[in-house]
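Here are the chains, one letter per residue:
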Amino acid sequence: MSSTEELLKRLGVSIDAGTLRLALTHRSYAYENGGIPTNERLEFLGDSILGFSVTDALYRDNPNLPEGDLAKRRSAVVSTRALAGIGRSLGIGDYIYLGQGEKLTEGKNKASILADTMEALIGATYVSNDIETARQLVMRLIGPLLKDAAALGAGTDWKTSIQELAAGRQLGSIYYAVEGSGPDHARTFIAELQIGGKPCGTGTGHSKKEAEQEAAADAWRRLSGTGTGIGTGPADASPESAAGV
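About the criteria used
- Residues numbered from 1 in each chain as written.
- Predicted model: local features only at pLDDT ≥ 70, side-chain atom pairs only at ≥ 80, totals over all residues.
- Heavy atoms only, no water.
- Helix = DSSP H or I, 4+ residues; strand = E, 2+ residues; numbered from the N terminus.
- Buried < 20%, exposed > 50% of the residue type's maximum accessible area, 1.4 Å probe, protein only.
- Contact = heavy atoms within 4.5 Å.
- Salt bridge = Lys/Arg side-chain N within 4 Å of Asp/Glu carboxyl O.
- Pairing = 2+ DSSP bridges.
- Axes fitted to C-alpha atoms, helices over the stretch in contact; angles between N-to-C directions.
- Patch = residues over 30% accessible without salt bridge, like charges linked within 9 Å, V, L, I, M, F, W, Y side chains within 5 Å.
- Areas by Shrake-Rupley, 256 points an atom, 1.4 Å probe, with all protein chains shown as cover.
- Core = buried A, V, L, I, M, F, W, Y, C linked by side-chain atoms within 4.5 Å.
- Bend = angle between axes of the 7 residues up to and from the residue.
- Polar contact = N/O pair within 3.5 Å; in protein donor to acceptor, adjacent residues only side chain to side chain.
- Phe/Tyr/Trp six-rings, centres within 6.5 Å; stacked < 30°, edge-to-face > 60°.
- Lys NZ or Arg CZ within 6 Å of the ring centre and 35° of its normal.

A. Region of the structure containing the overall build of the protein. On a plain count of helices and strands, the protein comes out with 13 helices and three strands. Within the protein, buried positions represent 44% of all 245 residues. A sequence separation of at least 24 residues applies to 53% of the contacts in the protein between residues at least 6 apart.

Below, the structure written as structure tokens:
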């Protein structure tokens, strides 16, 4: 089985070879190879299909939910963080055509590149098939996230969500201890979130901000006793042990 066949098997769709390669062509690679077409047009198309498919599902499945809550849930599941998480779970990064600069800085793991490529693959699925096939792909990828109502709301901004949760329970002040390692062009950051002086969550990322968000997501899941595919890291501690009570 070729590498592209394996990718299509993971996605569960059929995309013609030319369109698939285009969907995987990042602008950094295109620039270094004579300005060939990039995946940005397919990304634009896929973004619209993704937004409509999620909006349609939320509207139909939540007849009593007000507009504001529908918008919040949609924002969570179509966010860069959510799409990047899906991309990582599928191993999409290994298939993206990147320029040398992006390769050196671990571009295949960058949330923005993964999210954009996922949208391009949705667009490519539509171009090679039809709108229903593309919609079904979206629902296979996003559907599980739509069922986690509590985490959907928190996933729009984990740092704000954990701050609100900690304040509501009067757990104490929040502090992020962040350490970086590795060469300048490929730094990795590890963040530990402490609430009231007690460790409650950890996260990693290619920037301090990303690591802090992941730590906040980890802490939120631990304290709320829920799990979700939007963030990363297991909810492997009880609310009591995470809070140190």
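B. Spotlight on the pattern of salt bridges. On inspection of all chains with the given rule, the structure shows nine salt bridges. A salt bridge links Arg135 to Glu132; its shortest N-O distance comes to 2.7 Å. Separated by three residues within a single helix, Arg135 and Glu132 lie in helix 9 (residues 131-146), roughly one turn from each other. Arg135 sits in the partly exposed class, given a relative accessible area of 27%. Taking the shortest distance from any N to any O, the salt bridge between Lys159 and Glu212 comes out at 2.7 Å. Pair noted here: Lys159 is in helix 11 (residues 158-168) and Glu212 is in helix 12 (residues 208-224), with a separation of 53 residues, a long-range link. Residue classification places Glu212 among the buried positions, given a relative accessible area of 17%.

C. The pairing of strand 1 (residues 174-181), seen in detail. The sheet contact formed by strand 1 and strand 2 (residues 188-195) spans eight bridges and is antiparallel. By the bridge assignment, Tyr176 is partnered in strand 2 with Leu193. Connecting strand 1 to the antiparallel partner strand 2 that follows it, the hairpin turn spans six residues, and Gly182 within it adopts a positive phi of roughly 95°.

D. Region of the structure containing the sheet that holds strand 3 (residues 198-205). Ordered in space as 1-2-3, the three strands form an open sheet in which the pairing is antiparallel. Each having just a single partner strand, strand 1 and strand 3 make up the two edges of the open sheet. Between one strand axis and the next, the sheet turns by 20° as a mean value, whatever way the strands run. Packing against the sheet, helix 11 makes contact with strand 1 and strand 2, and its axis sits at approximately 145° to strand 1. The strands touched by helix 12 are strand 1, strand 2 and strand 3; relative to strand 3, the strand with the most contacts, the crossing angle is about 135°.

E. The arrangement of the environment of Pro144 in detail. Secondary-structure assignment places Pro144 in helix 9. The sequence separation of Pro144 and Val77 amounts to 67 residues, and the corresponding C-alpha distance is 9.9 Å.

F. A look at a nonpolar patch on the surface. On the surface, Tyr126, Val127 and Ile131 cluster together into a nonpolar patch covering about 260 Å² of accessible area. For Tyr126, the position within the fold is in helix 8 (residues 111-128). A relative accessible area of 35% places Tyr126 in the partly exposed class.

G. The nonpolar core, seen in detail. Judged by nonpolar contacts, the single largest core of 40 residues is most densely connected at Val54, Ile92, Leu121 and Ile142. Of all the secondary-structure elements, those providing two or more residues to this core are helix 1 (3-11), helix 2 (17-23), helix 4 (40-61), helix 5 (67-77), helix 6 (80-90), helix 8 and helix 9. The dominant element in this core, judged by the number of residues it contributes, is helix 8, at eight residues. When neighbours within four sequence positions are excluded, Ile92 is seen to be in contact with Leu7, Gly87, Leu114, Thr117, Met118 and Leu121.

H. Spatial organisation of helix 9. Where helix 9 bends most, at Arg140, the angle is about 40°, and the proline Pro144 comes one to four residues later. Regarding helix 9, the residues found buried are Ala134, Leu137, Val138, Leu141, Ile142, Gly143, Leu145 and Leu146. Two or three places before Glu132, at the start of helix 9, stands the capping residue Asp130, its side-chain oxygen 3.3 Å from that residue's backbone nitrogen.

I. Spotlight on the side chain of Asp218. Examined against the element boundaries, Asp218 turns out to sit in helix 12. Within the local environment of Asp218, its side chain forms a polar contact with the backbone nitrogen of Thr202, the two atoms lying 2.9 Å apart.

J. Spotlight on the packing of aromatic side chains. By the definition in use, this model includes one aromatic pair. Centroid distance Tyr29 to Tyr97: 5.4 Å. Interplanar angle 50°. Geometry classified as tilted. Note that Tyr29 is positioned in helix 3 (residues 27-32) and Tyr97 in the loop between helix 6 and helix 7 (100-104), a separation of 68 residues in sequence. Residue classification places Tyr97 among the partly exposed positions, given a relative accessible area of 26%. Arg21 extends its terminal NZ or CZ atom over the ring of Tyr97, reaching a point 4.1 Å from the ring centre.

Taken by themselves, the reported measurements are silent on function.
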